[in-house]
Amino acid sequence: MDIEQFRRAGYQAIDRICDYYISLRDRPVSSQVEPGYLRKALPASAPTVGEDFQLIADDYQKYIVPGLTHWQHPSFFAYFPTACTFEGILGELYASSAPNPGFNWSASPACTELEAVVMDWTAQILGLDKSFYNTTEVGGGVIQTTASDSALIATVAARSRYTREHPHVPVEKLVLYTTTQTHSLGMKAGLVLGLKVRALQVTAEDDFALRGETLELALKEDVDAGLHPFILIATIGTTSSGAVDRLGEIADVVKEYPFLWLHVDAAWAGLALVCPEYREACQLPAINSYADSFCTNFHKWGLINFDASCLWVRHRTHLTDALDVTPEFLRSKHGDAGTVIDYRNWHLGLGRRFRSLKFWFVLRARGVKGFQKYITDCIDLNVKFAQSIRESDQFSFVAKPFLALTVFRLAPKSLPHLTTPELNALNRAFYARLAARSDIAITQTELNGVFCVRMAIGAEQTVDGDIDRALALIGEEGRVALREWQRM
């Protein structure tokens, strides 16, 4: 492909992307293909001779688009949102046009310097303490792939710090703390690093939040047993329930156990910090006072295309002491002098993508007020949805609605005698009907033995009418599921 061919193909690609978004509302939310569809449709091997690019572009429309689940669809309420903006698409396009491995400042100075700048911009709009800014040259922020990577890196740094300070403690005695509501990232970090993981129990009575007394009891038990807890992954806005761990209580306990690293995972809910009115509910004062590291994903609820996970640390040397491997061929004058950041020592890999460009594009195009409007619009839509659930005779909450998440179940007030196992069976049938539909995407979860459904609002195209339609079909499927269940 020469430059003029690229120009024509690029024009067509942009046109087709625009057409895709114009038609998005009319498409099914979920892909309707069957497993293995693509292998049946494509040749068994790559072509020997290159093909005309128009054919390739047309085959994308013919074979790939039908296999996409449309996460930006206005009726996509599953999991958590995945951000996509036109500004972000263009940022990715420009970044991919000048590829470089980004492993140190010299590899492309703009990549390193822009990342340091936008990580400070994002820290500012979230209200993070200045100790997390790159300009301090003590703490700082770095773009990671996902919150799972951020948690893994925080765990590596915490382990490194702990073993330096306690050199005679064997690795098999180390313990990573999560809760029974922590994202799977905690358990995966333990698997990858070969660590014991203890999930601390949380209860519905405490809104599924970790309490200080639970942490204190676990620490006493483990220390008395000769174990060495070294990190707690606390959460602001858990996946299943939107729970917010009680960081103030946790901090009171950690004061007596200063060796315990506090990592705060706010992958989804952390973006609500752009709105000052939600900062107290999202524990910002405690984050700023006590967290050793903090993560939120702009690619979830933050308008920046995947991948865009942000990790801030209070002391960058804990990262670099754990991860700095600098052979001679990677050394540079500025790196040796310590006058630049070499981000390869802030994550697990060597090379890294030019992700900061899309941050810069979106932050400048939307501004703080644009982010605030998007977040408050989503929350207002959830208030509307939650109010209908609250007033319904069909449904009840399983967890307190939080920000743009509502967790509920089918629990007819006309049948108050139903047991938890009976309600679980009813709700599995109810969810199966929802999952079979192509005009809505919504996910299931289980909270301490209670099967339920979670509604997460976040697609930028979602409006009031989409919530009305969701409520109508959820109500209808609930009535059908109840009738069928009663006939069994």
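Being a predicted model, the structure only gives us computed values, none of them experimental. (Residues numbered from 1 in each chain as written. Predicted model: local features only at pLDDT ≥ 70, side-chain atom pairs only at ≥ 80, totals over all residues. Heavy atoms only, no water.)

Enquirer: With reference to specific residues and values, describe the packing of aromatic side chains.
Expert: Tallying each qualifying case throughout the model produces 19 aromatic pairs. Ring centres 5.4 Å apart and planes at 15° place the aromatic pair Trp71 and Tyr79 in the stacked group. Exposure remark for Trp71: the relative accessible area of 29% places this residue in the partly exposed category. Taking the centre distance of 6.3 Å and the plane angle of 80° together, the rings of Trp268 and Phe402 count as edge-to-face. Of this pair, Trp268 sits in the loop between strand S5 (261–265) and helix H10 (284–290) while Phe402 sits in strand S8 (residues 395–402); the two residues are 134 residues apart in sequence, bridging distant segments of the chain. Like Trp268, the residue Phe402 is buried in the burial classification. Against the face of Trp360 rests Arg364, its NZ or CZ located 4.8 Å from the ring centre. (Phe/Tyr/Trp six-rings, centres within 6.5 Å; stacked < 30°, edge-to-face > 60°. Buried < 20%, exposed > 50% of the residue type's maximum accessible area, 1.4 Å probe, protein only. Helix = DSSP H or I, 4+ residues; strand = E, 2+ residues; numbered from the N terminus. Lys NZ or Arg CZ within 6 Å of the ring centre and 35° of its normal.)

Enquirer: Please give an account of helix H9 (residues 247–254) that cites residues and values.
Expert: All buried positions along H9 are accounted for by Leu247, Ile250, Ala251, Val253 and Val254. Down the axis of H9, the sector holding all buried residues measures 160°, keeping them to one side. At its buried positions, H9 is contacted by helix H8 (212–224), strand S4 (228–235), S5 and H10. (Arc of directions from axis to C-beta. Contact = heavy atoms within 4.5 Å.)

Enquirer: An account of the domain arrangement of the protein is needed here, citing residue identities and associated values.
Expert: Split by domain assignment, the protein resolves into domain 1 (3–70), domain 2 (100–353) and domain 3 (365–486). A separation of 38 Å is found between the C-alpha centroids of domain 1 and domain 2. (Domains from an automatic or database assignment.)

Enquirer: Give a description of a nonpolar patch on the surface that names residues and reports values.
Expert: Taken together, the side chains of Ile14, Ile17, Phe86, Leu90, Leu93 and Tyr94 present a nonpolar region at the surface, about 540 Å² in accessible area. Those elements that place two or more of their residues in the nonpolar patch are helix H1 (3–22) and helix H4 (86–97). Per-element accounting of the nonpolar patch gives the leading share, four residues, to H4. Within the secondary structure, Phe86 sits in helix H4. (Patch = residues over 30% accessible without salt bridge, like charges linked within 9 Å, V, L, I, M, F, W, Y side chains within 5 Å. Areas by Shrake-Rupley, 256 points an atom, 1.4 Å probe, with all protein chains shown as cover. Salt bridge = Lys/Arg side-chain N within 4 Å of Asp/Glu carboxyl O.)

Enquirer: Residues and numbers for unusual backbone geometry, please.
Expert: Generally, phi is negative for residues other than glycine and the peptide bonds are trans, each holding for most cases. Cis geometry marks the peptide bond from Phe306 to Asp307, where omega comes out at 5°. Inspection of the secondary structure puts Asp307 in the loop between helix H11 (298–301) and strand S7 (309–313). Positive phi, close to 55°, is recorded for Leu403, a residue that is not glycine. With respect to the element layout, Leu403 can be found in the loop between S8 and strand S9 (405–410). Relative accessible area serves as the criterion here: at 9%, Leu403 is assigned to the buried category.

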